[in-house]
Amino acid sequence: MLAGPVLAQQGAVEPPPPDVPGVAPPARVVAGQDGIAIESGNGEYRLQIGLLLQADGRFAAQDDTAAFTDTFAIRRLRPYLRGRILRRFEFYLNPDFAGGTLVVQDAYFDTIVSPAFRIRAGKGKTPFGMERLQSASNLLFMDRAFPTALAPNRDLGVQVLGDIHSGVFSYLAGVMNGVADGGSADLDSNDGKDLSARLIFRPFTRNIASPLRGLGVAVSGNTGRQAGAAALPSFRTQTLQQPYFSYAAGAVASGRRIRYSPQLFFFRGPFGGWAEYVHTEVPVSRAGVTEDIANKAWQVAASWVLTGEAATDAAAGVRPRAIFDPSTGHWGAFQVAARVHQLEVDQRAVDLGLAAAGASRKAQAWTVGLNWFLTGNVKYVLNVERTVFDDNRAGAHAPENGIAFRTHLNF
């Protein structure tokens, strides 16, 4: 099987059927909850067509100053193509039309040597952030937590990845152009390149009877020499997407950026949870002052499927035992979730005038959510999140209270 644990999160192409000696089966069209696929009879060629649609409503509670505009919006509109050529080659094209603009989120080509080694060239997710690498088709909350704001998003380059010893070990590593914290890019703005790697260890995954089978630990690292204003991030709240921190005009990155991230995850039956920490550090210069600025973020998240189905971080998501059909008394699956998360900017960014005036240095938030899986393809999501800035001290930004819901279609 060519698709292992590290690829399950990303929704890899289904493996081809086994060969039958002396038989050349006809081509077939397959339609189901995983999309529509056209496949040659021997499985050598496959083209899969699918769609991810997320329609949101986002509203601020207790917004007396009308700082936030309540809105309905299309968060993701991604018709995608996955394909296989002669079993050893796969490709993925994932454009996004949300917001009335076209952004190519992913466009890469894989050469598969074995389950333990594949080469990926093109644009895709940087092999670093744990929650960032989880597919948007199966997010626990409507938006990822604060650590993802420090992790690089999509970038262009060459990666190697694979699963070893039936998924006990997995790895991803790559050479990429380099992007700002939380950022994506299609072009490079300087000659510096980033090296990234993520190692995953699942010590009990081969022991079916072990209660710790779903336990895993991971560590990620990233480094590269970057320069310019484009290499510096700005930060927004997660649910209402309101800006609260940016660097001052004239501030630029000016040296080697280092990121690291330890991670822990555990899934067993209806329970799923994880913890993630991200640290990023880069020299920042402005008006003759240069200082290493270190920002950090963490999260702890947990969930429970009330109807008993298995929780998962795989792209396929929770699959209800009984799909939504009120006439037969079936209502699908229900999952509750909660998290706490925080992002803290280095105090030196404020003290040395590197941060923009009025920027908040620290954001702390808690989120609770309800996910209703009507089928394996249709989901309703409700999130409530409260964010507090700079420990809610005098003069800090007012706390933000967000209520958001989503209609989610994925096939």
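Everything here concerns the structure above.
Residues numbered from 1 in each chain as written. Predicted model: local features only at pLDDT ≥ 70, side-chain atom pairs only at ≥ 80, totals over all residues. Heavy atoms only, no water.

Student: Let's hear about the overall build of the chain: which residues, and what values?
Tutor: Within the chain, the secondary structure is distributed over 4 helices and 20 strands. In terms of overall dimensions, the chain is globule-like: its C-alpha atoms have a radius of gyration of 22 Å, near the 22 Å expected for 411 residues. Here the chain holds 411 residues, and 50% of them are scored as buried. In the chain, 63% of the contacts between residues at least 6 apart in sequence involve partners at least 24 apart. (Helix = DSSP H or I, 4+ residues; strand = E, 2+ residues; numbered from the N terminus. Rg over C-alpha atoms; globule rule 2.2 N^0.38 Å. Buried < 20%, exposed > 50% of the residue type's maximum accessible area, 1.4 Å probe, protein only. Contact = heavy atoms within 4.5 Å.)

Student: Outline the layout of surface pockets, supporting the account with residue identities and numerical values.
Tutor: When its volume is computed, the largest pocket comes out at roughly 900 Å³. Considering the residues around the largest pocket, the lining is formed by 32 residues, among which Arg75, Arg132, Asn153, Gly182 and Gln241 are closest to the centre. Residue assignment for the lining of the largest pocket shows that the elements contributing at least two residues are β4 (71–85), β6 (103–114), α3 (147–150) and β12 (235–236). In terms of residues, the lining of the largest pocket owes the most to one element, β4, which gives 4 residues. Considered class by class, the residues forming the lining of the largest pocket number 10 nonpolar, 11 polar and 11 charged. (1 Å grid on protein atoms, 1.4 Å probe; cavity = no way out; pocket = protein on both sides within 12 Å on 5 of 7 lines; lining within 4 Å. Points joined across faces, edges and corners; volume = space filled by probe spheres on them. Nonpolar A, V, L, I, M, F, W, Y, C, P; charged D, E, K, R; others polar.)

Student: Could you give an account of the nonpolar core, with specific residues and numbers?
Tutor: By size, the foremost hydrophobic cluster in this structure holds 26 residues, and its most contacted members are Phe235, Tyr244, Tyr247, Val284 and Leu343. Those elements that place two or more of their residues in this core are α3, β13 (243–245), β15 (271–286), β16 (289–305) and β18 (362–373). Element by element, the count of residues in this core is highest for β15, at 3 residues. Setting aside anything within four residues of it in sequence, one finds Leu343 in contact with Phe146, Ala149, Leu150, Phe235, Tyr244, Lys296, Ala297, Arg361, Lys362 and Ala363. Membership of the second largest hydrophobic core comes to 17 residues, among which are Met130, Leu140, Val305 and Ala333. (Core = buried A, V, L, I, M, F, W, Y, C linked by side-chain atoms within 4.5 Å.)

Student: Hey, could you go over the packing of aromatic side chains for me, with residue numbers and the actual values?
Tutor: What describes a pair of aromatic rings is the distance from one ring centre to the other and the angle between the planes of the rings. Overall, the coordinates contain 18 aromatic pairs when judged by the stated rule. Within the aromatic cluster, the residues linked to one another by ring pairs are Phe146, Phe235, Tyr244, Phe245, Tyr247 and Phe389. Stacked on the ring of Tyr92, the Lys or Arg Arg82 has its end atom at 4.0 Å from the ring centre. Over the ring of Tyr108 we find Arg120, and its NZ or CZ is 4.0 Å from the ring centre. (Phe/Tyr/Trp six-rings, centres within 6.5 Å; stacked < 30°, edge-to-face > 60°. Lys NZ or Arg CZ within 6 Å of the ring centre and 35° of its normal.)

Student: Explain the pairing of strand β20 (residues 400–410) to me, and be specific about the residues and the numbers.
Tutor: In this structure, strand β3 (residues 45–61) lies alongside β20, joined through 10 bridges in antiparallel fashion. Bridging across to β20, Ala55 finds its partner in Thr407. (Pairing = 2+ DSSP bridges.)

Student: Kindly report on unusual backbone geometry, identifying the contributing residues and their values.
Tutor: Positive phi, close to 55 degrees, is recorded for Leu86, a residue that is not glycine. Its location among the elements puts Leu86 in the loop between β4 and β5 (89–96). Residue classification places Leu86 among the partly exposed residues on the basis of a relative accessible area of 42%. The backbone of Arg87 shows a phi angle near 65 degrees, a positive value even though the residue is not glycine. Mapped onto the elements, Arg87 comes out in the loop between β4 and β5.

Student: Quick rundown of the environment of Phe373? Include the residues and the values.
Tutor: With respect to the helices and strands, Phe373 occurs in strand β18. Classification of Phe373 as buried rests on a relative accessible area of 5%. Considered as a pair, Phe373 and Gly332 are 41 residues apart in the sequence and their alpha carbons are 5.6 Å apart. Leaving out residues up to four positions away in the same chain, Phe373 has contacts with Val318, Pro320, Trp331, Gly332, Ala333, Gln335, Val378 and Lys379.

Student: A description of the side chain of Glu90 should follow, citing residues and the corresponding values.
Tutor: You can see Glu90 is positioned in strand β5. There is a polar contact of 3.2 Å between the side chain of Glu90 and the side chain of Arg118. (Polar contact = N/O pair within 3.5 Å; in protein donor to acceptor, adjacent residues only side chain to side chain.)

Student: Describe a nonpolar patch on the surface, with residues and values.
Tutor: The grouping of Phe72, Trp304, Leu306, Val336, Leu370, Leu382, Ile403 and Phe405 at the surface amounts to a nonpolar patch, some 740 Å² of accessible area in total. In this fold, Leu382 is placed in strand β19 (residues 378–389). Given the relative accessible area of 40%, Leu382 is considered partly exposed. (Patch = residues over 30% accessible without salt bridge, like charges linked within 9 Å, V, L, I, M, F, W, Y side chains within 5 Å. Areas by Shrake-Rupley, 256 points an atom, 1.4 Å probe, with all protein chains shown as cover. Salt bridge = Lys/Arg side-chain N within 4 Å of Asp/Glu carboxyl O.)

Student: Any details on the environment of Asp163? Residues and values, ideally.
Tutor: Relative to the helices and strands, Asp163 is located in strand β8 (residues 154–164). In terms of polar contacts, Asp163 uses its side chain to reach the side chain of Ser170, at 2.4 Å.

Student: Describe in detail the pattern of salt bridges, supporting the description with residues and values.
Tutor: Inspection of every chain in the model, using the stated rule, returns 24 salt bridges. A salt bridge links Glu39 to Arg28, with the shortest nitrogen-to-oxygen separation between them at 2.6 Å. Of this pair, Glu39 sits in strand β2 (residues 35–39) while Arg28 sits in strand β1 (residues 28–32), and the two are 11 residues apart along the sequence. Overall, the relative accessible area of 42% leaves Arg28 in the partly exposed class. Arg75 is paired through a salt bridge with Asp143; the nearest N and O atoms lie 3.6 Å apart. Pair noted here: Arg75 is in strand β4 and Asp143 is in the loop between α2 (130–133) and α3, with a separation of 68 residues, a long-range link.

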